[in-house]
Amino acid sequence: MMFLQSFSWFLATLSRSISVCTPSQDQFDNLEKHTQWGIDVLEKYIKFVKERTEIELSYAKQLRNLSKKYQPKKNSKEEEEYRYTSTRAFLATLNEMNDYAGQHEVISENMTSLITGELTRYVQELKQERKSHFHDGRKAQQHLETCWKQLEASKRRFERDCKEADRAQQYFEKMDADINVTKADVEKARQQAQLRHQMAEESKAEYSSTLQKFNSEQHDHYYTHIPNIFQKIQEMEERRIVRIGESMKTFAEVDRQVIPIIGKCLDEITKAAESIDHKNDSQLVIEAFKSGFEPPGDVEFEDFTQPMKRTVSESSLSNSRGDGKSEPKFGGKSKGKLWPFIKKNKLSLKLGAGPEDFSNLPPEQRRKKLQQKVDELNKDIQKEMDQRDALTKMKDVYIKNPQMGDAASVDHRLAELGQNIEKLRLEVQKFEGWLAEVEGRLPMRTEQARRQSGLYEAQNTSAVNSCAQDRESSPDGSYTEEQSQETEMKVPATDFDDEFDDEEPLPTIGTCKALYTFEGQNEGTISVAEGEMLYVIEEDKGDGWTRIRRNEDEEGYVPTSYVEVYLDKNAKDVYKSLQKISE
């Protein structure tokens, strides 16, 4: 009986001790939720930085498009406007804005590489580490639960064996007290009770061993395994917090790194603004539009009380309505100095045509245009000569190495380049002649000559004659209303021809050499070839035309600028004497 009482107490004690050792899952669940929240915060920050980079790229693109929109177009009128300091400062501002946009692109690139890319990779690693830690925690907890289940099974088996042993003992005592039971039955009951007691002792030993093992596993679980796992999770979470803090610092540092460069861009814009020179811009306007004309002289008093031919000063604003010829007065000032005030013909404005020699422009602007044309032609000549030199070298290579190519295949191109160079040189010579005239190396023609050549320009439709006669036309390259009235007063072409038929042949007063080819398609003119030698029978009277003779049957007028005249001094003196006698 004493054995059974002590055994029951032991079972009750074990039951109380084991009932308080059941592990809890609450802390793992809480930590799992918190760490997942931390990853969500990190991913939210990555998304924020990514949207910031997209904004920076969009802003940079818009700045670049804005800068490109206001950049001057090549070979356009806008490009010429950038001679002025104010427009150059604006161009510098556009260029600096382009660099400014580049810095925003740098911000976007650095944030993408240093923050977005790095954090994205870190989040993937963090998820794997978190998964590993919680897997180890669940594994340790499952192991402890398995040990607990084994302990429970051992306890129930020990409890069952104790109860069986108790019943066997009671049955043996009952059989032993009953006098009617045979000795054999009593012995059998005794043996059964001993067997049950032996089984209970074995269950007790097994249960005790399982309990010790469980206690050891539980101690390791709560004092070693779980603390280690929690420590790793804590370190992981702290690293996440530190990493997001470092990313925020990088976020600010990326902006701070470009501030000096952006400051330089703004300094350059300020410097460009300070470089604006209003005096210089005003001087450029003056240089661009100055005409070179002198102000007109005083209007001459016209005395209508005298029975004499009415004359009008060349410096007057009105044109002569007579024969279209007038003498220059007031120190050589002519009506040509009033060109800016002459009304242009509407038809010529619509057509937009201008003479080749830019005689429609004021002297100073004409000189600039001619110089520009000469420079362009010289560049074209140099380009053609470079091509010719390259082909010549190629031809030499082909001659030395026939297997590389046929040397005769480049002859045609070489000849073509030679012709182009010769044509361009003739053009340069022509424009240099006009330039020399403007610069004063050749005598300037009078307004009367310009009006006379203007008449021929209107009649001539050929390209060559148009080139020659345009340069003798009025300064704006078109007829004026006053000129049209003068042409109405001129002698008809038939009378002009009759004058040649009736007059006696004039004596030769010198010779001339044709500088350019001239196609005389109008009445009274004569065609000449470049380099041809002819006789001069009447020099230029101020109208821009010289009368020459080829033979007894061929004579006529050519533009004075197209020939180089060599006058015989004696013949010239005789000619002037005859002219005075005839007058």
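This text follows the structure it describes.
Below, the structure is looked at part by part. (Residues numbered from 1 in each chain as written. Predicted model: local features only at pLDDT ≥ 70, side-chain atom pairs only at ≥ 80, totals over all residues. Heavy atoms only, no water.)

1. Examining the pairing of strand β3 (residues 545-549)
Put simply, side chains in a regular strand alternate between the two faces of the sheet. Cut-off, in case you're wondering: Summary of the burial criterion: residues with accessible area below 20% of their type's maximum are buried, those above 50% are exposed, and those between are partly exposed, where the area comes from a 1.4 Å probe applied to protein chains only. Numbering of helices and strands runs from the N terminus, with a helix taken as a DSSP run of H or I at least four residues long and a strand as a DSSP run of E at least two residues long. The pairing criterion is simple: DSSP has to find at least two bridges between the two strands.
With five of its five residues buried, β3 lies for the most part within the structure. Residues W545, R547 and R549 line one face of β3 and the alternating positions T546 and I548 line the opposite face, and both faces are buried. In the sheet, strand β2 (residues 533-538) pairs with β3 via three bridges, with the strands oriented antiparallel. Across the sheet, E538 pairs through a bridge with R547, a residue of β3. For β3 and strand β4 (residues 555-559), the ladder comprises five bridges, and the chain directions are antiparallel. Along β4, the bridge assignment pairs R549 with E555.

2. Quick word on the pattern of salt bridges
To keep things clear, this is the line we draw: Any carboxyl oxygen of Asp or Glu within 4 Å of a side-chain nitrogen of Lys or Arg constitutes a salt bridge here.
This structure, assessed with the given rule, holds 25 salt bridges. Of the charged contacts, one joins E164 and R167 as a salt bridge, the two residues approaching to 2.2 Å between their closest N and O atoms. Here E164 and its partner R167 are both found in helix α4 (residues 85-177), three residues apart, which amounts to about one turn of the helix.

3. Structural notes on the packing of aromatic side chains
Applicable threshold: Aromatic contacts are taken between Phe, Tyr and Trp rings whose centres are within 6.5 Å, Trp giving its six-membered ring; a plane angle under 30 degrees counts as stacked, one over 60 as edge-to-face, and the others as tilted.
Evaluation of the coordinates by the stated rule reveals nine aromatic pairs. Judged by centre distance (5.1 Å) and plane angle (85°), the ring pair of F431 and W434 falls under edge-to-face. Highlighted residues: F431 and W434, both in helix α9 (residues 411-438), separated by three residues, approximately one helical turn. Both residues of the pair, F431 and W434, count as buried. A centroid spacing of 5.8 Å and a plane angle of 75° characterise the contact between F518 and Y562, whose relative ring orientation is edge-to-face. With F518 in the loop between β1 (510-514) and β2 and Y562 in the loop between β4 and β5 (563-567), the pair connects residues that are 44 residues apart, well separated along the chain.

4. Quick notes on the layout of surface pockets
Put simply, the test is: Using only the protein atoms, space was sampled on a 1 Å grid; points where a 1.4 Å probe fits but cannot get out form cavities, open sets with protein on both sides within 12 Å along at least five of seven lines form pockets, and lining residues are those with an atom within 4 Å of a point. Grid points are joined across faces, edges and corners, and a volume is the space filled by probe spheres set on the points. Here the nonpolar group is Ala, Val, Leu, Ile, Met, Phe, Trp, Tyr, Cys and Pro; Asp, Glu, Lys and Arg are the charged ones; every other residue, Gly included, is treated as polar.
Considering only enclosed or pocket space, the second largest pocket measures out at about 600 Å³ in volume. Taken together, 13 residues line the second largest pocket, and the ones lying closest to its centre are E80, R83, A288, Q365 and K369. Listed by contribution, the elements that provide at least two residues to the lining of the second largest pocket are α3 (77-81), α6 (278-289) and α8 (363-400). A class-by-class count of the residues in the lining of the second largest pocket yields four nonpolar, two polar and seven charged.

5. Some details on the environment of Y566
Short version of the rule: Two residues form a contact once any of their heavy atoms are found within 4.5 Å. Each polar contact in these results corresponds to two N or O atoms within 3.5 Å; when the atoms are within protein, one needs to be able to donate a hydrogen and the other to accept it, and residues that are neighboring in sequence are counted only if both atoms are side-chain atoms.
For Y566, the position within the fold is in strand β5. For Y566 and T511, which are 55 residues apart along the polypeptide, the C-alpha to C-alpha distance reads 5.1 Å. Filtering out sequence-adjacent residues up to four positions away, Y566 remains in contact with G510, T511, C512 and K513. Side-chain polar atoms of Y566 contact the side chain of E564, separated by 3.3 Å.

6. Here's the deal with the nonpolar core
Just so we agree on the cut-off: Definition of nonpolar core: a set of buried residues of the types Ala, Val, Leu, Ile, Met, Phe, Trp, Tyr and Cys, connected through side-chain atoms within 4.5 Å.
L42, Y45, M111 and I115 are the most contacted members of the largest nonpolar core, which has 27 residues in total. Broken down by secondary-structure element, the contributors of at least two residues to this core are α2 (26-69), α4 and α5 (183-274). For I115, the residues in contact, after removing those within four places along its chain, are Y45, V49, N110, T120, S247, T250 and F251. A514, L534, I548 and V563 belong to the second largest nonpolar core, which has 15 residues in total.

7. Some details on α8
What counts is decided by this rule: One fewer than the residue count of a helix, multiplied by 1.5 Å, yields its expected span.
The end-to-end C-alpha distance of α8, which contains 38 residues, comes to 55 Å, matching closely the 56 Å that a straight helix rising 1.5 Å per residue would cover. Within the sequence span of α8, burial applies to E364, Q365, R366, L370, V374, L377, I381, E384, L391 and Y398. Tucked inside the fold, the buried residues of α8 contact α6 and α9.

8. Points about α6
When the terminal C-alpha atoms of α6 are compared, their 17 Å separation across 12 residues agrees well with the 16 Å that a helix rising 1.5 Å per residue should span. The distance from a side-chain oxygen at the start of α6 to the backbone nitrogen of K279 is 3.1 Å, and the residue carrying that oxygen is D277.

9. Observations concerning the sheet that holds β5
Defined as follows: All axes here are fitted lines through C-alpha atoms, helices being fitted over the stretch that makes contact, and every angle between N-to-C directions spans 0 to 180 degrees.
Overall, antiparallel pairing links the five strands, which are arranged β4-β3-β2-β1-β5 in an open sheet. The outermost strands of the open sheet, each flanked by one partner alone, are β4 and β5. The average undirected angle you get between the axes of adjacent strands in this sheet is 40°. The pairing of β1 with β2 spans four bridges and is antiparallel. When the sheet's bridge partners are listed, K513 is paired in β2 with M533.

10. With respect to a nonpolar patch on the surface
Defined as follows: Like charges within 9 Å and nonpolar side chains (Val, Leu, Ile, Met, Phe, Trp, Tyr) within 5 Å are joined into patches, using only residues over 30% in relative accessible area that form no salt bridge. Every accessible area reported is derived by Shrake-Rupley at a probe size of 1.4 Å, with residue values counting cover from the shown protein chains alone.
Taken together, the side chains of L66, Y70 and F90 define a hydrophobic patch exposed on the protein surface, amounting to about 290 Å² of accessible area. Within the secondary structure, Y70 is located in the loop between α2 and α3. Judged by relative accessible area, which is 42%, Y70 ranks as partly exposed.

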